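Structural overview for review
Residues per chain, in single letters:
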Amino acid sequence: MNLAATAARLGVPVDEVDRVHRLAGDRPSAPLPVKAAAPAILDRLAVRPDDAAEIMVGWPEPDSPRWTPELRWLLDRSIALVRADLGGHGWLPPGPALPRERGPAWRHLYVYAYLALVGVVRTYHRTHGIAEAVSWGTLADLGRNLAVDRRMRGAGWPVMQSWLTLHARGGLYELGRLQHQRGGTDINLHIPDSGPLTPEAVAASLDEARVFFPRHFPEERYPAFACGSWLLDPQLLEYLPVHSNIVRFQQRFELEPYEEPEGLDADVEVRRFVFRDLTTPLDQLPRRTVLQRAVVEHLRAGRHWQWRRGRFPL
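Because the structure is predicted, anything quoted here is derived from the model rather than measured. (Residues numbered from 1 in each chain as written. Predicted model: local features only at pLDDT ≥ 70, side-chain atom pairs only at ≥ 80, totals over all residues. Heavy atoms only, no water.)

1. A word on empty space enclosed by the protein
Evaluated as defined, the whole model comprises 2 cavities of 30 Å³ or more. Taken as a whole, the largest cavity encloses approximately 90 Å³ of empty space. Surrounding the largest cavity, V82, P94, Y110, A113, Y114, L117, W157, Q161, L164, T165 and A168 form its lining. Put simply, the parts of the chain that give the lining of the largest cavity at least two residues each are helix 7 (109-127), helix 10 (157-163) and helix 11 (165-168). Top element by residues in the lining of the largest cavity is helix 7. It accounts for 4 residues. For the lining of the largest cavity, the per-class residue count stands at 9 nonpolar, 2 polar and no charged. By volume, the second largest cavity is sized at about 30 Å³. Around the second largest cavity sit A97, L98, R100, W106, R107, Y110, W157 and Q161, which together line it. Breaking the lining of the second largest cavity down by element, the ones donating at least two residues are helix 6 (104-107) and helix 10. Partitioning the lining of the second largest cavity into residue classes produces 5 nonpolar, 1 polar and 2 charged. (1 Å grid on protein atoms, 1.4 Å probe; cavity = no way out; pocket = protein on both sides within 12 Å on 5 of 7 lines; lining within 4 Å. Points joined across faces, edges and corners; volume = space filled by probe spheres on them. Helix = DSSP H or I, 4+ residues; strand = E, 2+ residues; numbered from the N terminus. Nonpolar A, V, L, I, M, F, W, Y, C, P; charged D, E, K, R; others polar.)

As structure tokens, then:
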């Protein structure tokens, strides 16, 4: 195939098309569910009706004029790329960020790839004895992320399309309040936007993980839980009360020495998670909560937030 021509028609850099071509190779893809079954699957994946309607409109049917040969190639090879790393746990972009304003096929191509991989990863879960409730609860992060992307007016998806490959490969599991990423030196914790981060909910999730991983992945050994997040920035202690959920979450961790993370802007990440907004001027952001006021006051003072890492024994 002519990679340069394909990249030009997709409106993306040729090196990103070359990466998909190299990583996917001639590895097997996976079929999408039949269209008639899709609404029920989207419902189980907690996809909101407005997002589900768009996904159905852009469905990659064989005779759909929305689906150019280049889009069909990218969908097939993106599925193959992710499937080839089943059981993996690292950051894995499934393909280039597309010009999503071109329509639902472009906007949701990686959603269709995710849907094709649902059956693949659920089979992987079953081979490890993982309960259906955990499988569906984990995979339903798709709906949550689509809702966040809609709230962010499309600015959230380029990160989310890579994030969701963790779920689609069996590298991450949602156990109660926290998401747990396996496969590294430690179990890495992630905090979904799913309600208060109470000490009781956190403790219950950690206890569940202490049973879950030895039971389902007995060959893997983890000495500690770890987390990398702006939520561990000690500067938050200047603004939040000592009894706040965030402060009590911080207190579990022994922090590593601070190093500026390459390619990650903590100020941007704080805005992404606290406001779900990357473009509104600071003076116009809401200040309804203590955390929102803290973020704005800190940035208006010319200070910067930090992305910190910490760990504590399992």
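2. What to know about the packing of aromatic side chains
Counting across every chain of the model gives 12 aromatic pairs. Between W59 and Y112, the ring centres sit 5.7 Å apart and the planes meet at 85°, which makes this aromatic pair edge-to-face. Here W59 is found in the loop between helix 4 (49-57) and helix 5 (69-83), whereas its partner Y112 is found in helix 7, with 53 residues between them in sequence. You'll find W59 and Y112 in the same group, each marked buried. (Phe/Tyr/Trp six-rings, centres within 6.5 Å; stacked < 30°, edge-to-face > 60°. Buried < 20%, exposed > 50% of the residue type's maximum accessible area, 1.4 Å probe, protein only.)

3. Section: the layout of surface pockets
If you add up the space inside the largest pocket, you get close to 1600 Å³. Sorting the residues of the lining of the largest pocket by element identifies helix 9 (141-151), helix 10, strand 2 (178-181), strand 3 (187-190), strand 4 (224-229), helix 13 (245-250), helix 14 (266-275) and helix 15 (290-300) as the ones contributing at least two each. Tallied by class, residues from the lining of the largest pocket come to 23 nonpolar, 17 polar and 10 charged. Lining the second largest pocket we find E256, P257, Y258, E259, P261, L264, W307, R308 and R309. Of the residues assigned to the lining of the second largest pocket, the class counts are 5 nonpolar, no polar and 4 charged.

4. A closer look at unusual backbone geometry
As a rule of thumb, non-glycine residues mostly have phi less than zero, and peptide bonds are mostly trans rather than cis. With phi around 60°, R153 is a residue other than glycine that occupies positive phi space. Residue placement: R153 occurs in the loop between helix 9 and helix 10. The class of R153 is exposed, set by a relative accessible area of 59%. Phi angles above zero are rare outside glycine, and R276 is one such case at about 55°.

5. Some remarks on the pattern of salt bridges
Working definition: two side chains of opposite charge can pair if their charged atoms are close together. Taken as a whole and judged by the stated rule, the model has 24 salt bridges. In this structure, the salt-bridge partner of R150 is D51, at a minimum N-O distance of 2.9 Å. Residue R150 is found in helix 9, and its partner D51 is found in helix 4; the two are separated by 99 residues along the sequence. Using a relative accessible area of 3% as the deciding quantity, one classes D51 as buried. The closest approach of N and O atoms between E174 and R144, which form a salt bridge, is 3.1 Å. Taken together, the residues span a long stretch of sequence, with E174 in strand 1 (residues 172-175) and R144 in helix 9 at a distance of 30 residues. On the accessibility criterion, R144 (22% relative accessible area) is partly exposed. (Salt bridge = Lys/Arg side-chain N within 4 Å of Asp/Glu carboxyl O.)

6. Details of the side chain of S205
Here S205 lies in helix 12 (residues 199-216). Residue contacts for S205: discarding those within four places in its chain leaves L175, G176, R177, L178 and H180. (Contact = heavy atoms within 4.5 Å.)

7. Quick word on the sheet that holds strand 4
Read across the open sheet, the 6 strands follow the order 1-2-3-4-6-5; overall the sheet is mixed. A single partner strand is all that each edge strand has here, and the edge strands are strand 1 and strand 5 (254-255). Sheet topology note: the strand 4/strand 6 (residues 308-313) ladder contains 6 bridges and is antiparallel. Within strand 6, the position partnered with F225 by the bridge is F312. (Pairing = 2+ DSSP bridges.)

8. Some details on the packing of helix 4 against helix 9
Their axes nearest at 10 Å, the elements helix 4 and helix 9 cross at an angle of 95°. Comparing their axes, helix 9 and helix 4 come out roughly perpendicular. Between helix 4 and helix 9, the residues in contact are D50, D51, E54 and I55 and L146, A147 and R150, respectively. Residue composition of the contact of helix 4 with helix 9, grouped by class: 3 nonpolar, no polar and 4 charged. (Axes fitted to C-alpha atoms, helices over the stretch in contact; angles between N-to-C directions. Parallel < 35°, antiparallel > 145°, perpendicular 65-115°, else oblique.)

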